[in-house]
Amino acid sequence: MPSPTTRMIAEKTGTIGWMIFNNPDRLNAVSLDMWQAVPKIIADFEADPEIKTIVLTGAGGKAFVAGADISQFEAQRGDPASVVTYEDATTLAFETIARAERPTIAMIDGYCIGGGLGIALSCDLRFASEGSTFGIPAAKLGLAYAASGTRRLVDVVGPAFAKEIFFTARRFTHDEALAMGLINRVFARDALKAETLSLCETIADNAPLTVMTAKKIIDETLKAPENFDAAFCDQLIERCFHSEDYAEGRTAFMEKRKAMFKGK
Ligand code: COA
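Residues numbered from 1 in each chain as written. Predicted model: local features only at pLDDT ≥ 70, side-chain atom pairs only at ≥ 80, totals over all residues. Heavy atoms only, no water.

Here the focus is the packing of aromatic side chains. Throughout the structure, instances matching the rule amount to 6 aromatic pairs. A centroid spacing of 6.3 Å and a plane angle of 55° characterise the contact between Phe21 and Phe64, whose relative ring orientation is tilted. A residue pair is termed long-range when its members are at least 10 positions apart, and Phe21 in strand β2 (residues 16–21) and Phe64 in strand β4 (residues 63–65) qualify at 43 residues. As far as the burial class goes, Phe21 and Phe64 line up, both buried. With centroids separated by 6.1 Å and ring planes inclined at 80°, the aromatic side chains of Phe73 and Tyr86 adopt a geometry described as edge-to-face. A residue pair is termed long-range when its members are at least 10 positions apart, and Phe73 in helix α2 (residues 73–76) and Tyr86 in helix α3 (residues 80–99) qualify at 13 residues. For Tyr86, a relative accessible area of 1% puts it in the buried group. (Phe/Tyr/Trp six-rings, centres within 6.5 Å; stacked < 30°, edge-to-face > 60°. Helix = DSSP H or I, 4+ residues; strand = E, 2+ residues; numbered from the N terminus. Buried < 20%, exposed > 50% of the residue type's maximum accessible area, 1.4 Å probe, protein only.)

Shown next, in the form of structure tokens:
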């Protein structure tokens, strides 16, 4: 599928769908057309059975994403009606990433700020290079974050660090981000891509139904207790135990060979 805008690149290599924020002159700041392209690109990856993981990253070597494009705020986020339209587009982008069935990985090399951090937090995993910096400067701009995005931050780092990130609006180093659990791993810049590819390969070799079930159940546990859908979780678990892949996993173990999973 051709990307709906040149400022987003959608590529498939092997089992990986790459979604690349491509606005390097503005450190990949996300313009409205880019927010609107995100759900379409994710939907295309999700519809492709060859794609096992989705990697989100930024072009240009300086930034993952330095937030929403502030230069558009006056025209596109300046009055109550346009704020609603803009928020709908960003919320849909975040939600579509968060709800993807495939595991999603943010590969962060450089600035990961504001909405950029929101995008990274919508992913399942965050791999970053040394020297990457993280922050939410909302309190320097006077804007507010949607409750859903704030919740994702709290789910990842807990309320105390979430408050520190919002209250100070400062930038945090990769060491600080790692200590908070904001990112999963840190690598030297020249190792980041190879490590990300290795992660994707590991996931792609594993049983897709087990990976998907774990993702959905973990996300289900983050919901309020009254919204937790135990029956849905049970269905997913049952599907794994009745799958061809479970039989293949057992047989491969006994035959001391690598399992060849089909996702069914
Ligand atoms: N929106 C629009 N343009 C942005 C941007 C954003 N979020 N972030 C960076 N840019 C632009 C800068 O205006 C600059 O453009 P110019 O060359 O035409 O002046 C270019 O990207 C490079 O940024 P610059 O500030 O020169 O780089 P830096 O390395 O000195 O600083 C940041 C990097 C990320 C600290 C700084 O750009 C910044 O604070 N950006 C805003 C981040 C932000 O508040 N995001 C939240 C939005 S909700």
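In this structure the tally under the stated criterion is 18 salt bridges. A salt bridge links Lys12 to Asp48; the nearest nitrogen and oxygen atoms lie 3.0 Å apart. Placement of the pair is Lys12 in strand β1 (residues 8–13) and Asp48 in the loop between α1 (32–46) and β3 (53–58), with a sequence separation of 36 residues. Classification of Asp48 as buried rests on a relative accessible area of 16%. The salt bridge involving Asp205 is made with Lys258; its shortest N-O contact spans 3.2 Å. (Salt bridge = Lys/Arg side-chain N within 4 Å of Asp/Glu carboxyl O.)

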